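# Secondary and tertiary structure notes
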Amino acid sequence: MFYRETGQFKTTYRADQAVFPILQDRLGIAIILALAFAGVPLLASEFAISSFFIPVLVFSLAAIGLNLLTGYTGLLSLGTGAFMGVGAYGCYKLATWFPGVNILILILASGFFSAAVGVVFGLPSLRIKGFYLAVATLAAQFFLSWCFVRIPWLVNYNISGAIEVPTRTLFGIAVTGPNATATTRYLVALSIVVLMTWLASNLVRGRFGRMWMAVRDMDLAAELIGIRLYRTKLLSFAVSSYFCGVAGAMMAFLWFGSSEADTFNINQSFFILFMVIIGGLGSLVGSFFGAIFIWGTPIMLKTVPRLFGLSIHAATVEHLTFMILGALIIFFLIVEPHGLARLWQIGKQKLRVWPFPY
Amino acid sequence: MDLLYKIFLDPFLQMGSAPDLLVQTLWEGLVSGVLYALIALGFVLIFKASGVFNFAQGIMVVFAALTLVGLHAMLRHWGVSSGTVAAYLALALTVVVMFGLAIAIERVVLRPLVNQPDIILFMATFGMTYFLIGLGELVFGGEPKVMIADDLHLPRGAIDVKMLGGFVSFQKLDIAAALIASVMVAVLAVFFQKTRIGRALRAVADSHKAALSVGISLEQIWVVVWFAAGIVALVTGIMWGARSDVSFALEIVALKALPVLILGGLTSIPGAIVGGIIIGVGEKLGEFYWGPLIGSGIESWLAYVIALVFLMFRPQGLFGERIIERI
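What you see is a predicted model; the values in this text were computed from it and never measured.

## Comments concerning the overall build of chain A
Helix and strand content of chain A: 14 helices and four strands. Rg of the C-alpha trace for chain A: 21 Å, near the compact-globule value of 21 Å for 358 residues, within the 12% margin. Taken over the C-alpha atoms alone, chain A extends approximately 65 × 60 × 45 Å along its principal axes. Put simply, of all contacts in chain A between residues at least 6 apart along the chain, 76% involve residues at least 24 apart.

## Digging into the overall build of chain B
Counting its secondary structure elements, chain B contains twelve helices and two strands. Of the regular secondary structure in chain B, the N- to C-terminal order runs α-α-α-α-α-β-β-α-α-α-α-α-α-α. Its C-alpha radius of gyration of 21 Å places chain B within 12% of the 20 Å reference for a compact globule of 327 residues. When burial is assessed residue by residue, chain B has 44% of its 327 residues classed as buried. Residue pairs in contact within chain B that sit at least 24 positions apart in sequence constitute 74% of those at least 6 positions apart.

## Comments concerning the nonpolar core
With 210 residues, the main nonpolar core has Val58, Leu61, Phe243 and Met250 of chain A together with Ala37, Ala40 and Val225 of chain B as its most contacted residues. For this core, the element with the most residues is helix H9 (residues 218–243) of chain B, which contributes 17 residues. The residues touching Val58 of chain A, leaving out its near neighbours within four places in the chain, are Ala189, Ala247, Met250, Met251 and Trp255 of chain A.

## Side note on the interface of chain A and chain B
Listed as interface residues are 35 residues of chain A and, on the opposing side, 39 residues of chain B. Only helix H6 (130–150), helix H9 (219–224), helix H11 (266–279) and helix H13 (314–335) of chain A provide two or more residues apiece to the side of chain A that touches chain B. When residues in the side of chain A that touches chain B are grouped by element, the largest group, 13 residues, is from H13 of chain A.

## Concerning the packing of helix H12 (residues 284–307) of chain A against H13 of chain A
All names here are of chain A. Running from N to C, H12 and H13 cross one another at 135°; their axes reach a closest spacing of 10 Å. One finds that H12 runs oblique with respect to H13. Judged by the sense of rotation from one axis to the other, the crossing of H12 with H13 is right-handed. Facing H12, whose interface residues are Thr297, Pro298, Leu301 and Lys302, H13 presents Val317, Leu320, Thr321, Ile324, Leu325 and Leu328.

## Focus on helix H4 (residues 80–97) of chain A
An ideal rise of 1.5 Å per residue puts 26 Å on 18 residues; H4 of chain A measures up with 26 Å between its terminal C-alpha atoms. The buried count for H4 of chain A comes to 15 of 18 residues, which makes it a mostly enclosed element.

## Some points on the environment of Met251 of chain A
Secondary-structure assignment places Met251 of chain A in helix H10 (residues 229–256). If we ignore the near neighbours within four places in the chain, the residues touching Met251 of chain A are Val58, Met84, Ala88, Phe256 and Ser259 of chain A.

## Some points on the environment of Val190 of chain B
All names here are of chain B. Within the secondary structure, Val190 sits in helix H6 (residues 172–194). Assessed through the 11 C-beta atoms surrounding it within 10 Å, Val190 is described here as exposed. C-alpha separation for the pair Val190 and Ile180, spaced ten residues apart in sequence, amounts to 15 Å.

## Details of the confidence of the model for chain B
When the pLDDT values of chain B are averaged, the result is 80; 92% of them are 70 or greater. In the predicted assembly, ipTM is 0.81 and pTM is 0.87.

## What about the pairing of strand E3 (residues 173–176) of chain A?
Relative to E3 of chain A, strand E2 (residues 168–170) of chain A is paired through three bridges, and the arrangement is antiparallel. Bridge pairing links Thr169 of chain A to Ala174 of chain A in E3 of chain A.

## Quick notes on the environment of Thr321 of chain A
Assignment of secondary structure puts Thr321 of chain A in helix H13. Between the alpha carbons of Thr321 of chain A and Leu76 of chain A there is a distance of 27 Å; along the sequence they are 245 residues apart.

## So, the packing of helix H2 (residues 23–43) of chain A against helix H7 (residues 182–205) of chain A
Residues and elements named next belong to chain A. Relative to each other, H2 and H7 sit at 165°, their axes nearing to 11 Å. Relative to H7, the element H2 is oriented roughly antiparallel. The handedness of the crossing between H2 and H7 is right-handed. Judged by residue contacts, Ala36, Phe37, Val40 and Pro41 of H2 engage Thr183, Tyr186, Leu187 and Leu190 from H7. Tallied by class, the residues present in the contact of H2 with H7 amount to seven nonpolar, one polar and no charged.

Criteria and cut-off values
- Residues numbered from 1 in each chain as written.
- Chains lettered and ligands numbered in written order.
- Predicted model: local features only at pLDDT ≥ 70, side-chain atom pairs only at ≥ 80, totals over all residues.
- Helix = DSSP H or I, 4+ residues; strand = E, 2+ residues; numbered from the N terminus.
- Rg over C-alpha atoms; globule rule 2.2 N^0.38 Å.
- Contact = placed C-beta atoms within 7 Å.
- Buried ≥ 20, exposed ≤ 12 C-beta atoms within 10 Å, placed from the backbone.
- Core = buried A, V, L, I, M, F, W, Y, C linked by C-beta atoms within 7 Å.
- Axes fitted to C-alpha atoms, helices over the stretch in contact; angles between N-to-C directions.
- Parallel < 35°, antiparallel > 145°, perpendicular 65-115°, else oblique.
- Left-handed = near helix turned anticlockwise from the far one by under 90°.
- Expected span 1.5 Å × (residues − 1).
- pLDDT = per-residue confidence, 0-100.
- Pairing = 2+ DSSP bridges.
- Nonpolar A, V, L, I, M, F, W, Y, C, P; charged D, E, K, R; others polar.

Rendered as structure tokens:
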């Protein structure tokens, strides 16, 4: 009834193969983008932007990166945090070497560092599979975390041992560093995420995405139909790490403003894996849902009791948050193992046939 | 040339010149290896019987130790005057708690998720991890605690043995840990090979469907297996707790069990033991002799790299079942 493609005729293949072939989808995405670009900066408070919207954008991008690897290519990775770290440190070094270059270019370029690192740690993926590979990627996680702490060159020999983000401007407005407002940082982050999501959606619809999915579904069969396994898997590692690296650079430059080695630890990797699986493996929109859910739930759990005037001890709230988050993860997996993205699809289907049951 | 000397020759010269230090390092590696192996054992038990890669095993270790210490404190608080009685009462109660946990996990998590892909079950154990962290801290408080080693009558002190022109010191607790671990592995091996339930467990590990069709109750088996893993976790928790203290920092130690696990092969009990010892000894030797070369702290990742190198040659681990691929 509300969401129906009846009467929308396509006269060219081009129109038929568009990312959003249905008018309602195009309208929907336009409204969401308008809200994100204009609504949020105008309506949301500075605090809400820097503690909810920017983190969600960063995590969404990282989740898309991991989703390309785990959801589309079927390679389980627990090294996401470290690959994000490589992006952050790479961006910091680039910003030091090229102070005059546009910071947007630097953030996007820093992803190439983590792509290179990702390929190196993806090398064992031809022989090692499944959970064995997951533990192999833990080697990347722990080794790189160690490097971040032990190699002072990475942070330009700062005493604090942390990245201190310099101020960089874009058209005369401070984008990074202590003087940048949350709104500017949000808008820059949003532009990058929109651009990268568009890139990812075209990648997975195209030849590479199909190769990845063939490998995921059965790598032996994929090899038999002429897909070169090694290249495909390594490409997946590279692209995935590129996305994670950009997300990491955004995390350091547009969110925290400074970041320590501990930011990119193993828990970060797990956190992003949660987002991918709760959101839905092999779904880009699911990555956004997952990031919103995993980042938003603890915030909600912290604020809801206060709204009802309940005063619970801060430590107790922390413990309860852990328990409830754990229970919710299990609950969602039982109710819908294919993630929030599948719920979204079911919802759309219901809208399509409403008011009839099927 | 100098670097090559430092990497390939110098450490061995050091080993030769101070054999007592080498023995000490080997012993420490062996002990931590045994403890890694104990955690890995819990993983293997569950993976064999239910195909679940149980990430929560590390937290179960902490949870069991925390429950034991917490119950002990509560019992003392409620007027059990003798520390020893309270300790053993708490131990018994903790076993009951672990049994309850096994039943709860089977009912709430495993049964509704039957037949889902591996990664979904893996994620569910992540949910369990979070839940148990929250629960443990909520009930017993989040601050680090001291393991009740004295009240449990765990041995203390060290034996110094004169050998190879020096002294080598063996902690009695470490010896006890190694002994208990060996006994536990032996008991598990007998249990798996000789008892009725053990045979059923092996049948389930081979094929769920075939086991069901000959009348083995999957639910019952899963409870048994998770309970066994819980007991292993309790023993591990006591041993690790007595060496350091009981806190959620142990979780990081539990992650060390993962390279042990894949090195030995996900489905092999002897593999877990051998893997644990290789990782433990390799890690300590690497840290002691090669660590100073590239900056200390390499212990944090060396285990994973060792496992990675082994996997390059044997992708299914040392003792894992051969991976056969069919179209």
